[in-house]
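Commentary on secondary and tertiary structure
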Amino acid sequence: MLAGEMASVFKRPDSKYWHAGWRSVDGTFHLRSTKHEDRSKALGIALEWERVDRKVARGEMVETQVRQVINDILEKVGEPAIDVPSIRAWFGEWIKDKEANKTENTTERYRKVVDDFLAHLEERADRPLTVLTPRHVQTFMAKRQKQKVSATTVNLDVKIIRSALNRARKQGLIQTNPAEAVDLPEQQSVERGTFTTAEVKMLLTQATGTEWETVIMFAYFTGARLGDCVKIEWDHVNLMDGTLKFLETKNKKWITVPLHTDLQEHLSKLATSDKPQKYVTPHMSSLGPGGRHGLSEGFKRIVTKAGLDLQTVQGTGIRKISKRTFHALRHSFTSALANAGVSPELRMKLTGHKSAEIHRGYTHLEMDTLKDAMKKMPGLNPEKPAN
């Protein structure tokens, strides 16, 4: 077929459908299945494809016109029209779904990234989702890097955008995910710190008589995250059997751990209260972890008042990172188990880690303690055995 010839249809021996064939104004030959067995319908589609192709090449049609022509073609052959939402509408729909399935803090993190991305796109955010290109994501990432945001944060931003667009791709709204074509910046990880048993006792002394005392003990003796610690309910504490069950919200699964003697005694004292409560720490259960007055900052103040070093270092961005946040208690728990000779399989079971690779990042082994691997995790009262 020579340039300028009219589009035609062909039948391949291995296909039941007619294929449209035509040449662009630059001489490029196109051969595409019409997905129709009726020759007359297939030829009509071929002629329309050729006409649109040439008008676009001459700059006579914009994207909205092309989409309208395609929908007209689909209507002629009895197929439903293509309804592509705007970028803003799609991301808004995606956020609504996250509100129903994710925690409030996670949803807020997603919403912040989406808002920043839409603001970056400016008026383009109201154009169809199909106009998004890797360059739009790349320039957003570059903008974030210029703001001195850490590589870890930038990576998370792009992964959130990628997740939203992956859903659009799976639903057939876009052919490819433009965010997958963007190379993420290399991350510089900061190893988290730990607290020794003596330091945990110092934290508890500072927190004596407050709900923080209970929450710190939860973390040190179970490895639970801050958000999970404050949501532990009395119904999930079994003082008779010496077990505790809590929901690990990150992986959406229940973890059951044996109660350490020190934690069991502490909870037994709290359980004598005549005032019924759903949560073991009712006040803290209603607080969020973030913000200046959030739980995370509250723990940092306890660390400082206890005279302990937060081990703050400069991150890859403008923010400084403290190695010994509340999450360090989770590291302390699994490290104490490792130092006591508890097998990796059991440590993973107790902490809820999905893989050995993730677990290794939480374990801080000391050579001297490895020699005495059969010791059990130390309690807070060294004069009596841990169990």
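Scope of this entry: the structure provided in the associated data block. (Residues numbered from 1 in each chain as written. Predicted model: local features only at pLDDT ≥ 70, side-chain atom pairs only at ≥ 80, totals over all residues. Heavy atoms only, no water.)

1. Some points on the overall build of the protein
- When its secondary structure is counted, the protein shows 15 helices and eight strands.
- In the protein, which comprises 387 residues, the share counted as buried stands at 42%.
- For the protein, the proportion of contacts with a sequence separation of at least 24, taken over those separated by at least 6, is 58%.
- On the protein, roughly 22,000 Å² of surface is accessible, and the fraction owed to carbon and sulfur atoms is 51%. (Helix = DSSP H or I, 4+ residues; strand = E, 2+ residues; numbered from the N terminus. Buried < 20%, exposed > 50% of the residue type's maximum accessible area, 1.4 Å probe, protein only. Contact = heavy atoms within 4.5 Å. Areas by Shrake-Rupley, 256 points an atom, 1.4 Å probe, with all protein chains shown as cover.)

2. Some remarks on helix α4 (residues 104-121)
- When the terminal C-alpha atoms of α4 are compared, their 26 Å separation across 18 residues agrees well with the 26 Å that a helix rising 1.5 Å per residue should span.
- Taken residue by residue, α4 has Thr 107, Tyr 110, Val 113, Val 114, Phe 117, Leu 118, His 120 and Leu 121 as its buried positions. Buried residues along α4 cover an arc of 155° about the axis, so they all sit on one side. Away from the buried face of α4 by more than 90 degrees, exposed residues Glu 104 and Ala 119 are located.
- As for α4, its buried residues are in contact with α3 (87-101), α5 (134-146) and α6 (151-170). (Expected span 1.5 Å × (residues − 1). Arc of directions from axis to C-beta.)

3. Observations concerning the pairing of strand β3 (residues 29-33)
- Where strand β2 (residues 18-23) meets β3, five bridges bridge the pair, whose relative direction is antiparallel. Residue pairing for β3: His 19 is matched across the bridge by Ser 33.
- The loop that links β2 with its antiparallel partner β3 comprises five residues; one of these, Gly 27, has a positive phi angle of about 95°. (Pairing = 2+ DSSP bridges.)

4. Digging into the packing of helix α8 (residues 211-222) against helix α12 (residues 327-339)
- One way to put it is that α8 packs onto α12 with a least axis distance of 6 Å and a crossing angle of 40°. Of α12, the residues touching α8 (which contributes Ile 216, Ala 219, Tyr 220, Phe 221 and Thr 222) are Leu 329, Ser 332 and Phe 333.
- Each residue belonging to the contact of α8 with α12 can be placed in one class, and the counts come to six nonpolar, two polar and no charged. (Axes fitted to C-alpha atoms, helices over the stretch in contact; angles between N-to-C directions. Nonpolar A, V, L, I, M, F, W, Y, C, P; charged D, E, K, R; others polar.)

5. Side note on the pattern of salt bridges
- Evaluated as defined, the whole model comprises 13 salt bridges.
- Among the salt bridges present, the one from Arg 51 reaches Glu 48, with a minimum N-O distance of 2.9 Å. In this pair, Arg 51 and Glu 48 both sit in helix α1 (residues 39-57), three residues apart, roughly one turn of the helix.
- When its relative accessible area of 37% is taken as the criterion, Arg 51 is described as partly exposed.
- For Glu 48, a relative accessible area of 16% translates into the label buried.
- Between Glu 99 and Arg 111 there is a salt bridge, and its shortest N-O distance comes to 2.4 Å. You can see Glu 99 sitting in helix α3 and its partner Arg 111 sitting in helix α4, a full twelve residues away along the chain. (Salt bridge = Lys/Arg side-chain N within 4 Å of Asp/Glu carboxyl O.)

6. Details of the side chain of Asp 228
- Residue placement: Asp 228 occurs in helix α9 (residues 226-229).
- Those residues in contact with Asp 228, other than ones at most four positions away along the chain, are Phe 246, Leu 247, Glu 248 and Thr 249.

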